[in-house]
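# Survey of secondary and tertiary structure
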Amino acid sequence: MNTSKDTERANDKLGFWSIVLLAINSIIGSGIFLTPGSVVSQAGSKSLVVYLIAAIFAAILAISFSAAAKYVTKSGASYAYSKVAFGDNVGFYVGILRYFSASVAWGVMAVGVIKSTISIFGGNPDSVMNVTIGFLVLMLLITIINLFGQKFVKFVMNIATAGKLFALVLIIVAGVVLLLTTGASHNLAMVDQITQNGHKIVPTLTTTGFVMAIVSAFYAFTGFESVPSGSDDMQEPEKNLPRAIPLAIFVIAAIYIGVVAVGLVLNPKALMTTKQVVAISAIFDNDILRDVILVGALVSMLGINVASSFNAPRILEAMAREKQLPSSLTKRTKNNFPIRTFFISEALAILVPLAFQYNMVNLITLSAMVRFLGFIIVPLAVICFYFGKNKEQVLPAPKNVWTDIVIPILSIIVVIFLLVKYNWQAQFGIIKNGQVVGINWYAILMMVFGFIILPLLMFLFTKKKRK
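Residues numbered from 1 in each chain as written. Predicted model: local features only at pLDDT ≥ 70, side-chain atom pairs only at ≥ 80, totals over all residues. Heavy atoms only, no water.

### Description of the overall build of the protein
- Counting secondary structure elements, the protein contains 19 helices and four strands.
- For 467 residues, the compact-globule estimate of 2.2 N^0.38 gives 23 Å, and the protein sits close to it at 22 Å.
- With respect to the three principal axes, the spread of C-alpha positions in the protein is 70 × 50 × 45 Å.
- Burial status across the protein gives 53% buried among its 467 residues.
- The contacts in the protein between residues at least 6 apart in sequence include a share of 80% that link residues at least 24 apart.
- A total accessible area of about 20,400 Å² is found for the protein, and carbon and sulfur atoms account for 66% of it.
- Taking the 36 positively charged and 19 negatively charged side chains of the protein as two groups, their mean positions are separated by 7 Å. (Helix = DSSP H or I, 4+ residues; strand = E, 2+ residues; numbered from the N terminus. Rg over C-alpha atoms; globule rule 2.2 N^0.38 Å. Buried < 20%, exposed > 50% of the residue type's maximum accessible area, 1.4 Å probe, protein only. Contact = heavy atoms within 4.5 Å. Areas by Shrake-Rupley, 256 points an atom, 1.4 Å probe, with all protein chains shown as cover. Lys, Arg positive; Asp, Glu negative; His and termini not counted. Charge placed at Lys NZ, Arg CZ, Asp CG, Glu CD.)

Next comes the structure, spelled out in structure tokens:
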């Protein structure tokens, strides 16, 4: 018999549209506001095609995660799928890696918010003291939001998502209005001929350059893989996730392409050469419009931090529920807030960036690598579910050869392609003036810690607790 408390908890769970908004919030962060000029500088007039191909790649991978969600509705995303498909040991390893990566990624995004905010208001974003103070204030704000409970977190995420979508749609609408009223526009072919200091900004496009631009644009679509991490806090995840994630990718792709198109035809040179933190605002001359876009960018970055604070703790909690970590980590408050895993995750999100003095390149490395691991293991898990080769029981979901076999195989091919074209030198080398001048030992040590030392320590700790 359902109690009023059970009914209230069910109502607190994320419904279909809240899951769509969570997915949008998890994907749209600072990238489309801060860095579209880098893709345009690489691909020039072909930038719209680049974003379209990147969206297709992301959609292929998202469908694989969606297919996994119909078989396994437990929280943890790639952890839950790999454990059910390949057993406890593989699941434990993937879970620890994914959790650490998600916590560090949360810290990276928090640093990004603070540095951008400091820059926007004319401060020094390279001051460790300035960043540390802002960082701690932001984390305190996120903690307060979560302490109010899941219903309030859902409300904040929905508002943040609406705010960032409003800012992005405003860019498109304002751009179209300016084009219609002033008639000032650039032919796409002209973008490739724009110069700065006597040199063309966009290089002659080669196959390698085109592929690298796709890889750059692809990262603007990542984040969907973390959405199923909180499946236990969603209504009917086996039905809603497979519909919500692809829909979110479609909405985001349309918005990204619209924003970049406006920039290309309105003021492509400003987009590629601006020194402003929120690069996309440089295409407009109106100060009010710029300020609205700046606010939208800040809301967007706050929103993705709240989404991260929702996703990361639930990976650790999912492992505890599966008895692979101490059951004490499953404790929640009366507001249905996973208090212990939250504060552990927040501690990692604060301490790791602080230890690396907020060096974004080193911090992003581990997060990116674990993401690729999940992109490979989840499609393999879906194929296992289809053929019934999984180690644990799955839901009797309807099988589909396209979503459960063809798309996962395409996903693995896409990931291998991205890995081959990945800029490894930028991650593990010290670059000066475009040349590799040394080895980034911090990044290498972080990889060793994340992939070997941390899983081993957690395994020994759990083994000792069990005894």
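This is not the end of the story, as more comes after the structure.
### Some remarks on a nonpolar patch on the surface
- On the surface, a nonpolar cluster with roughly 600 Å² of combined accessible area is contributed by Leu-140, Ile-144, Phe-148, Phe-152, Phe-155 and Ile-159.
- Broken down by secondary-structure element, the contributors of at least two residues to the nonpolar patch are α8 (128–147) and α9 (150–182).
- For the nonpolar patch, the element with the highest residue contribution is α9, accounting for three residues.
- Secondary-structure assignment places Phe-152 in helix α9.
- In this structure Phe-152 comes out as partly exposed when scored by relative accessible area, which is 31%. (Patch = residues over 30% accessible without salt bridge, like charges linked within 9 Å, V, L, I, M, F, W, Y side chains within 5 Å. Salt bridge = Lys/Arg side-chain N within 4 Å of Asp/Glu carboxyl O.)

### As for the packing of helix α7 (residues 88–120) against α8
- Where α7 contacts α8, the two axes come as close as 9 Å, and the packing angle between them is 120°. Judged on the interaxial angle alone, α8 and α7 are oblique. Note on packing geometry: the crossing formed by α7 with α8 is right-handed. Contact with α7, carried on its side by Trp-106, Gly-107, Ala-110, Val-111, Val-113, Ile-114, Lys-115 and Ile-118, involves Asn-130, Val-131, Gly-134, Phe-135, Leu-138, Met-139 and Ile-142 of α8 and no other residues of that element.
- Among the residues making up the contact of α7 with α8, the classes are represented as eleven nonpolar, three polar and one charged. (Axes fitted to C-alpha atoms, helices over the stretch in contact; angles between N-to-C directions. Parallel < 35°, antiparallel > 145°, perpendicular 65-115°, else oblique. Left-handed = near helix turned anticlockwise from the far one by under 90°. Nonpolar A, V, L, I, M, F, W, Y, C, P; charged D, E, K, R; others polar.)

### What about the pattern of salt bridges?
- Tallied over the full model, the rule gives eleven salt bridges.
- Its salt-bridge partner being Lys-70, residue Asp-404 comes within 3.2 Å of it at the nearest N-O pair. With a gap of 334 residues between them, Asp-404 in helix α17 (residues 401–421) and Lys-70 in helix α5 (residues 47–71) connect regions that are remote in the sequence. Summarising the burial analysis for this pair, Asp-404 and Lys-70 share the class buried.
- As a salt-bridge pair, Lys-83 and Glu-322 come within 3.1 Å of each other at their nearest N and O atoms.

### Observations concerning the packing of aromatic side chains
- This structure, assessed with the given rule, holds 17 aromatic pairs.
- On the numbers, 5.1 Å between centres and 55° between planes, the contact of Phe-148 with Phe-152 is tilted.
- By relative accessible area, Phe-148 is classed as exposed at 54%.
- Counting every residue linked through ring pairs, the aromatic cluster contains Phe-65, Phe-218, Phe-224 and Phe-375.
- Residue placement shows Arg-243 over the ring face of Phe-16; its charged tip is 4.4 Å from the ring centre.
- One residue, Lys-399, lies across the ring of Tyr-386, its end atom 5.8 Å from the ring centre. (Phe/Tyr/Trp six-rings, centres within 6.5 Å; stacked < 30°, edge-to-face > 60°. Lys NZ or Arg CZ within 6 Å of the ring centre and 35° of its normal.)

### Overview of the side chain of Ser-45
- Assignment of secondary structure puts Ser-45 in the loop between α4 (36–43) and α5.
- Among the polar contacts listed, one links the side chain of Ser-45 to the side chain of Asp-192, at a separation of 2.7 Å. (Polar contact = N/O pair within 3.5 Å; in protein donor to acceptor, adjacent residues only side chain to side chain.)

### Some details on the nonpolar core
- The biggest cluster of nonpolar side chains holds 116 residues, and the ones touching the most others in it are Phe-33, Tyr-81, Phe-221, Phe-224, Tyr-256, Ile-280 and Phe-385.
- Ile-96, Val-104, Ile-315 and Val-352 belong to the second-largest nonpolar core, a separate cluster that totals 19 residues. (Core = buried A, V, L, I, M, F, W, Y, C linked by side-chain atoms within 4.5 Å.)

### Topic: the packing of α4 against α5
- Between α4 and α5, whose axes approach to 9 Å, the crossing angle comes to 115°. As judged from the angle between their axes, α4 and α5 are roughly perpendicular. Along this stretch, α4 crosses α5, giving a crossing that reads as right-handed. Contacts from Pro-36, Val-39, Val-40 and Ala-43 of α4 reach α5 at Ser-47, Val-50 and Tyr-51.
- Per-class residue counts for the contact of α4 with α5 are six nonpolar, one polar and no charged.

### A word on the environment of Lys-70
- Look at Lys-70 and you get buried, because its relative accessible area is 14%.
- Spatially, the C-alpha atom of Lys-70 lies 14 Å from that of Trp-402, the residues being 332 residues apart in sequence.
- Leave out the neighbours within four places in its chain, and Lys-70 touches Glu-238, Pro-242, Leu-395, Ala-397, Pro-398, Lys-399, Asn-400, Thr-403 and Asp-404.

### So, helix α14 (residues 287–321)
- For α14, which comprises 35 residues, the first-to-last C-alpha distance of 52 Å matches the rise-based estimate of 51 Å (1.5 Å per residue) to within 8%.
- In terms of residue burial, α14 counts as a mostly covered element, since 25 of its 35 residues are buried.
- Backbone nitrogen of Ile-288 and a side-chain oxygen of the N-cap are separated by 2.9 Å at the start of α14; the cap is Asn-286.
- Phi turns positive one or two residues past the end of α14, at Lys-323, with a value near 65°. (Expected span 1.5 Å × (residues − 1).)

### Structural notes on α8
- Over its 20 residues, α8 extends 28 Å from the first C-alpha to the last, a length consistent with the 28 Å expected when each residue adds 1.5 Å.
- What α8 keeps buried is the set Val-131, Thr-132, Gly-134, Phe-135, Leu-138, Met-139, Ile-142, Thr-143, Ile-145 and Asn-146.
- Contacts made by the buried residues of α8 are with α7, α9, α14 and α15 (339–355).
- Count one or two residues on from α8 and you reach Gly-149, which has phi positive near 105°.

### Digging into the environment of Phe-57
- Among the structural elements, Phe-57 can be located in helix α5.
- According to the relative accessible area criterion, Phe-57 is buried, its value standing at 14%.
- Distance in space between the C-alpha atoms of Phe-57 and Val-202 is 24 Å, their sequence separation being 145 residues.
- Excluding residues that lie within four positions of it along the chain, Phe-57 makes contacts with Ile-214, Phe-218, Val-414, Phe-417 and Leu-418.

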